[in-house]
Each structure stands twice: as C-alpha cells, then as structure tokens.
Amino acid sequence: MAELVFVYGTLRKGGSNEFRMEGCRLIGSATVAGSIYRIDWYPGLLLHSGNGQVRGEVYEVGAASLKDLDAYEGDEYRRLKAKAQLQDGTLQEVWLWEWLGEVDPAAKITTGDWLDQSGVD
C-alpha cells in the first residue's frame, strides 16, 4: 500500500541523500507549518501551528521504502502524520519525521528551505 511522505532536508532533490528516494514517485513541492534547524550536516524540523513554513517535497512510497526511511531517520526523529500544502493549494495528509532533540535558536533556517540556507540566523 502506498503512503505519502514529506521530505525537507537531505532526501530532497539536490540533497546529499536524494538517492534514497529512487523508486518513489515525486508528487510535487509542498510546505508544512513548522520551523527547520541546522542540527549538523542535516536538518531537524519542529512542527507548530504558527505562520512559519518549511519547504519540501511529497513522495508516494511503498511499505518497503517507508521502512527503509524509518531506519535511515533513526531514533533522533519520530514519524508522524501532518498536513502538507501542495503547490496547487491542496492539502494532503503525509508522514514526516520530526526532530526529537534540542535545537539551537541561532541555527534556525529562516527561509524554511534546507537547500537555501542563506537565511540561517
């Protein structure tokens, strides 16, 4: 059974781990309500209902890919459901991986886009 996932960091097209999305179907660009932080060479997303937006992509993945992504994300993240807004304005319920650790407020990416870190505080 196919599931929708939202990726916002190294798994995106142009990210260092985009190869992990091979075989998955790209649905399109999207945003979720939240904030994104530089943790190290990878980001962490914190969901919130404020007006911050995190940019990413929605993919359709199979059960095996979802299991592989869970293993890749590890126990520093938790997978949960959230609403993503696609470019055409439609809302989709998606899985995403939210950061569980502490964040440094100075490492917030104010653009909301891991691939455009010109906005790191």
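Cut-offs used in this document
For every chain, the first residue of the written sequence is number 1, and numbering continues from 1 along that sequence. Predicted model: local features are reported for residues with pLDDT of at least 70 only, side-chain atom pairs are reported and counted for 80 or more only, and whole-chain, interface and lining totals are derived from all residues. Hydrogens and waters are ignored; side-chain quantities use all the structure's heavy atoms. Here, a salt bridge means any side-chain nitrogen of Lys or Arg that lies within 4 Å of a carboxyl oxygen of Asp or Glu. Numbered from the N terminus, helices here are DSSP runs of H or I no shorter than four residues, and strands are runs of E no shorter than two. Whether a residue is buried, partly exposed or exposed follows from its accessible area with a 1.4 Å probe, protein chains only, as a fraction of its type maximum: under 20%, in between, or over 50%, in that order. In this analysis the probe radius is 1.4 Å and the grid spacing 1 Å, with only protein atoms considered; a cavity is a set of points the probe fits into but cannot get out of, a pocket is an open set with protein on both sides within 12 Å along at least five of seven lines, and lining residues have an atom within 4 Å of a point. Grid points are joined across faces, edges and corners, and a volume is the space filled by probe spheres set on the points. UniProt positions are given in the numbering used here, feature names are shortened, and annotations may be inferred rather than shown by experiment. Throughout, a contact is declared for two residues whenever any of their heavy atoms are within 4.5 Å. Only strands that DSSP links by at least two bridges are regarded as paired with each other.

One pass over the structure, following the stated rule, counts 6 salt bridges. Among the ionic pairs, Lys81 bridges to Glu3, the shortest N-O distance being 3.8 Å. With a gap of 78 residues between them, Lys81 in strand E5 (residues 77–86) and Glu3 in strand E1 (residues 3–7) connect regions that are remote in the sequence. Under the relative-accessibility criterion, Lys81 is labelled partly exposed at 35%. For Glu98, the salt bridge identified is with Arg78, shortest N-O distance 2.6 Å. With a gap of 20 residues between them, Glu98 in strand E6 (residues 91–99) and Arg78 in strand E5 connect regions that are remote in the sequence. Judged by its relative accessible area of 6%, Glu98 is buried. Note on Arg78: relative accessible area 43%, which makes it partly exposed.

So, on to the layout of surface pockets. One number sums up the size of the largest pocket: a volume of about 210 Å³. Thr10, Tyr42, Tyr72, Glu73 and Tyr77 are the residues nearest the centre of the largest pocket, which is lined by 14 residues in total. At the level of secondary structure, the elements contributing two or more residues to the lining of the largest pocket comprise E1 and helix H1 (63–73).

What follows is about the UniProt feature "active site" (unreviewed entry) in the protein. Following the UniProt record, one finds the feature "active site" (unreviewed entry) at Glu73. Tracing the backbone shows Glu73 in helix H1. When neighbours within four sequence positions are excluded, Glu73 is seen to be in contact with Leu11 and Trp97.

Inspection of the sheet shows E1 paired to strand E4 (residues 53–61) by 5 bridges, in the antiparallel sense. Its bridge partner being in E4, Val5 is matched across the sheet by Tyr59. Bridge count for strand E2 (residues 25–38) against E4 is 8 bridges, and the pairing is antiparallel. Across the sheet, the residue bridging to Val32 is Val54, located in E4.

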